[in-house]
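Structural overview
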Amino acid sequence: MSNHDLSSAKSDVAQNLAEIQDNINAACAAVNRDKNEVTLVCVSKNHEADHVRKALLDGRRVFGENRVQEASGKWPGLREEFPDIELHLIGPLQTNKIKDAVHLFDVIETVDRPKLANALAKHRDNTGQCPDLLIQINTGEEDQKAGISPKEADAFIVMCREELKLPIKGLMCIPPVDEEPAPHFTLLGKIADRHGLEIRSMGMSGDYASAIRLGATHVRVGTAVFGSRGY
Ligand SMILES: *Cc1c(COP(=O)(O)O)cnc(C)c1O
């Protein structure tokens, strides 16, 4: 291939994105949803800025990272190049990292316990700053997984919204790896419906089509966009 062919060829990431967008459109069409109701969050954790840039050059603007420290090394530079990006924190947040997280992220998807909610409210009171927030629900009630349990979810959502006046926009879940995800997506939707919460962040590389059919507004896709992370 000549240099010209290389530069005009679609990147591997752009090809992946085209395929994923086709799948998103098809899943929406299958349940009569408008494809614009679903946002693809490109999960760029464990990938270097040069690889992530391919998705930015393809027009993608919504990204997810699961560690504050990793994101703080990668995203300030990319944000200078692409000021209109929307960055989501999709991994657990320690209260001692709140200041950095609020500075870096436009959405924190992982509010999962009263201590964190209180600390975010305190930070907001002191600085006037708080990104949009999602509450993570541990739909599988797994001991090792973050998220508030479904039994405690209603009271926690009410506390965050009414007592702390936090900008809770929706819910997020990560189903157990060894289970059929659909019941978890359905449960998340029911809790969101009860509270009139619009955003439902659910579905990853293996199950985003199913999540969309069950009402996802945001799908978090890493491997299918960027390839394997090769830990
Ligand atoms: C890594 C990660 C994803 C993306 O997973 P893939 O299977 O690579 O698409 C989605 N959500 C969360 C919370 C993650 O940590």
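See above for the structure.
Residues numbered from 1 in each chain as written. Predicted model: local features only at pLDDT ≥ 70, side-chain atom pairs only at ≥ 80, totals over all residues. Heavy atoms only, no water.

Concerning the site of the ligand
Close contacts around the ligand come from 13 residues, with Lys45, Ser205, Gly222, Thr223 and Arg229 the closest. In the model, an oxygen atom of the ligand is placed 2.8 Å from a nitrogen or oxygen of the Gly222 main chain. Thr223 is positioned such that a nitrogen or oxygen atom in its side chain is 2.5 Å from an oxygen atom of the ligand. Contact with the protein chains covers 89% of the free accessible surface of the ligand, which is 390 Å². Counted by class, the shell around the ligand contains six nonpolar, four polar and three charged residues. (Near = heavy atom within 4 Å. Polar contact = N/O pair within 3.5 Å; in protein donor to acceptor, adjacent residues only side chain to side chain. Areas by Shrake-Rupley, 256 points an atom, 1.4 Å probe, with all protein chains shown as cover. Nonpolar A, V, L, I, M, F, W, Y, C, P; charged D, E, K, R; others polar.)

Digging into the packing of helix α2 (residues 12–30) against helix α3 (residues 49–57)
Two numbers describe how α2 lies on α3: the axes approach to 8 Å, and their chain directions differ by 50 degrees. By the angle class used here, α2 and α3 are oblique. Note that α2 runs across α3; the crossing there is right-handed. Taking contact as the criterion, the partners of Asp12, Val13 and Leu17 in α2 are, on α3, His51, Lys54 and Ala55. For the contact of α2 with α3, the per-class residue count stands at three nonpolar, one polar and two charged. (Axes fitted to C-alpha atoms, helices over the stretch in contact; angles between N-to-C directions. Helix = DSSP H or I, 4+ residues; strand = E, 2+ residues; numbered from the N terminus. Parallel < 35°, antiparallel > 145°, perpendicular 65-115°, else oblique. Left-handed = near helix turned anticlockwise from the far one by under 90°. Contact = heavy atoms within 4.5 Å.)

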